[in-house]
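Here is how the chains run, residue by residue.
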Amino acid sequence: VSSTSGAGETDDAATGDAPVATGDLDGGSAADAAPEVNPLLVPEEVADGFKEHGAFELGRQDRIVCAVATQEGRHTRYLVLHPSLLLLVQPDLVSPGRAIVRTLAPVRAVEACADRSDPRTLRLLVRLPKGTPVPSEAAAFDAATASDKGFWVSEECRGSCSLFVLTLNFEDTKRCNCADMHLRKRRQEVRAQVRRRIEAFVDELCA
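Analysis parameters
- Residues numbered from 1 in each chain as written.
- Predicted model: local features only at pLDDT ≥ 70, side-chain atom pairs only at ≥ 80, totals over all residues.
- Heavy atoms only, no water.
- Helix = DSSP H or I, 4+ residues; strand = E, 2+ residues; numbered from the N terminus.
- Buried < 20%, exposed > 50% of the residue type's maximum accessible area, 1.4 Å probe, protein only.
- Areas by Shrake-Rupley, 256 points an atom, 1.4 Å probe, with all protein chains shown as cover.
- Core = buried A, V, L, I, M, F, W, Y, C linked by side-chain atoms within 4.5 Å.
- Contact = heavy atoms within 4.5 Å.
- pLDDT = per-residue confidence, 0-100.
- Salt bridge = Lys/Arg side-chain N within 4 Å of Asp/Glu carboxyl O.

Draft legend 1. Seen up close, the overall build of the protein chain. Within the protein chain, the regular secondary structure consists of 4 helices and 9 strands. Each helix and strand of the protein chain, placed in order from N terminus to C terminus, yields the pattern α-β-β-β-β-β-β-β-β-α-α-β-α. In the protein chain, buried positions account for 39% of the 207 residues. Surface exposure of the protein chain reaches about 11500 Å², of which carbon and sulfur atoms provide 52%.

Draft legend 2. Structural detail: the nonpolar core. In terms of nonpolar packing, the biggest core is built from 27 residues, with Leu86, Leu88, Leu122, Leu124, Leu166, Leu168 and Phe170 touching the most fellow members. Those elements that provide at least two residues to this core are strand 2 (63-70), strand 4 (85-91), strand 6 (110-114), strand 7 (121-129), strand 9 (161-169) and helix 4 (173-206). Counting residues per element, this core draws most heavily on helix 4, at 5 residues. Setting aside its immediate chain neighbours within four residues, Phe170 contacts Ile64, Val65, Cys66, Arg120, Leu122, Arg175, Cys176 and Ala179. Phe50, Leu85, Ala99 and Val101 belong to the second largest nonpolar core, which has 9 residues in total.

Draft legend 3. Region of the structure containing the confidence of the model for the protein chain. A residue-level look at the protein chain finds 74% of positions with pLDDT of 70 or above and a mean pLDDT of 81. Taken together, the stretch residues 1-34 has pLDDT below 50 and engages in 63 contacts with residues farther than four places along the chain or on a different chain.

Draft legend 4. Structural view of the pattern of salt bridges. According to the stated counting rule, one finds 10 salt bridges in the structure shown. Residue Glu57 is joined to Arg98 by a salt bridge in which the shortest nitrogen-to-oxygen separation is 3.7 Å. Residue Glu57 is found in strand 1 (residues 55-57), and its partner Arg98 is found in strand 5 (residues 98-106); the two are separated by 41 residues along the sequence. In this structure Glu57 comes out as partly exposed when scored by relative accessible area, which is 49%. Classification of Arg98 by relative accessible area gives partly exposed; the value is 29%.

Next up, the structure:
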């Protein structure tokens, strides 16, 4: 891991996303109206402008070396320890110090589960709204093998979300545990923030 840092759950509420909406209130002008902010929106998820296949200056952001298992084989990646995103990148061999985004998803939508048969392997389940593009190195969720990998997903969730899985392999147990703890902690904290935002939004509507 390098040395400097970059920033009761309800799945449908905590993983949803929508743009900021504005409008007139009580017939007033747009200038007088306060903007209606969707409480499901997490601005930090888009603040850095990351896009899959886009390049950026990696610098000294905290990251952990891992390998992603895909149908084409294993690929070396950095898991960047971003506070709001699952961010897997490939070092840019043409431009040292830069990296190319290979897999991108909100960290609040990611469920991590250590592999019981190999403590160096971390399996990820990503729950995204229907119609969301597939994270490029993820595979479609297979209900037939999900329980073997430590995941259980209700029929209701399968019908309302798009589900994907991703397998990360690390050099040792310590790195795997560090990645697991980061993803779990940030998932919990971001979802808690969204929950508080929803509660405040509802309280304001009912006031």
